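Per-entry structural report
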Amino acid sequence: MSSSEEIVGSAPPREGALYRAILGLVALIGGLLGLGGLYFVPIPEGNREPLLLALGLVLGWGSTVVGYEFGSSPAGRKAADAGIREGG
């Protein structure tokens with residue numbers, strides 16, 4: 001493996017960096033606003049469970065997206081690249 005491949009594989013990709021930053025901020029702010037709203041907005045008793053379920057689904061979706069965008073490590077990218085090279 002050449003040194004240029006090691007440098008490229010050890011740093012996060014530069015393309016989409018702004019997208020990842022904006023996505024992370026939107027997920028963080030949205031989750032905090034949703035949780036903060038639970039303290040200040042009165043929820044009717046019959047709607048409490050569906051609202052908590054919906055909020056949990058939205059926060060789960062946000063955490064999945066953030067985990068996908070920010071979750072890869074240099075070692076994981078190298079292993080994925082090696083798997084692609086062997087299979088291709």
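1. What to know about the overall build of the protein chain
- Each helix and strand counted, the protein chain has 4 helices and 0 strands in total.
- Along the protein chain, helices and strands appear, N-terminal first, in the series α-α-α-α.
- For the protein chain, the residues scored as buried account for 12% of the 88 residues in total.
- When the accessible surface of the protein chain is split by element, carbon and sulfur atoms take 70% of a total near 6900 Å².

2. What about the packing of helix 2 (residues 17-40) against helix 3 (residues 48-70)?
- At a minimum axis separation of 10 Å, helix 2 and helix 3 run at an interaxial angle of 160°. Here helix 2 is positioned roughly antiparallel relative to helix 3, judged by the angle of their axes. The crossing of helix 2 and helix 3 is left-handed. In this structure, helix 2 uses Tyr19, Arg20, Ala21, Leu23, Gly24, Ala27, Gly31, Gly34, Leu35 and Leu38 to contact helix 3, whose residues at the interface are Leu51, Leu52, Leu55, Leu59, Gly62, Val65, Val66, Glu69 and Phe70.

3. Some points on the pattern of salt bridges
- The full count for this structure, using the stated rule, is 1 salt bridge.
- Among the ionic pairs, arginine 48 bridges to glutamate 45, the shortest N-O distance being 3.5 Å.
- For arginine 48, a relative accessible area of 34% translates into the label partly exposed.
- Assessed through its relative accessible area of 62%, glutamate 45 is described here as exposed.

4. A closer look at a nonpolar patch on the surface
- A cluster of nonpolar side chains, Leu25, Leu28, Ile29, Leu32 and Leu33, forms an exposed patch at the surface whose accessible area comes to about 520 Å².
- Considering the arrangement of structural elements, one finds leucine 32 in helix 2.

5. Looking at the confidence of the model for the protein chain
- Across the protein chain, pLDDT averages 74, with 72% of residues at or above 70.
- When pLDDT is averaged over each element of the protein chain, helix 2 comes out on top at 82 and helix 1 (residues 3-10) at the bottom at 50.

6. Structural notes on helix 2
- The end-to-end C-alpha distance of helix 2 is 35 Å, a good match for the 34 Å that 24 residues give at a rise of 1.5 Å each.
- Regarding helix 2, the residues found buried are Arg20, Leu23, Gly24 and Gly31.

Conventions adopted
Residues numbered from 1 in each chain as written. Predicted model: local features only at pLDDT ≥ 70, side-chain atom pairs only at ≥ 80, totals over all residues. Heavy atoms only, no water. Helix = DSSP H or I, 4+ residues; strand = E, 2+ residues; numbered from the N terminus. Buried < 20%, exposed > 50% of the residue type's maximum accessible area, 1.4 Å probe, protein only. Areas by Shrake-Rupley, 256 points an atom, 1.4 Å probe, with all protein chains shown as cover. Axes fitted to C-alpha atoms, helices over the stretch in contact; angles between N-to-C directions. Parallel < 35°, antiparallel > 145°, perpendicular 65-115°, else oblique. Left-handed = near helix turned anticlockwise from the far one by under 90°. Contact = heavy atoms within 4.5 Å. Salt bridge = Lys/Arg side-chain N within 4 Å of Asp/Glu carboxyl O. Patch = residues over 30% accessible without salt bridge, like charges linked within 9 Å, V, L, I, M, F, W, Y side chains within 5 Å. pLDDT = per-residue confidence, 0-100. Expected span 1.5 Å × (residues − 1).

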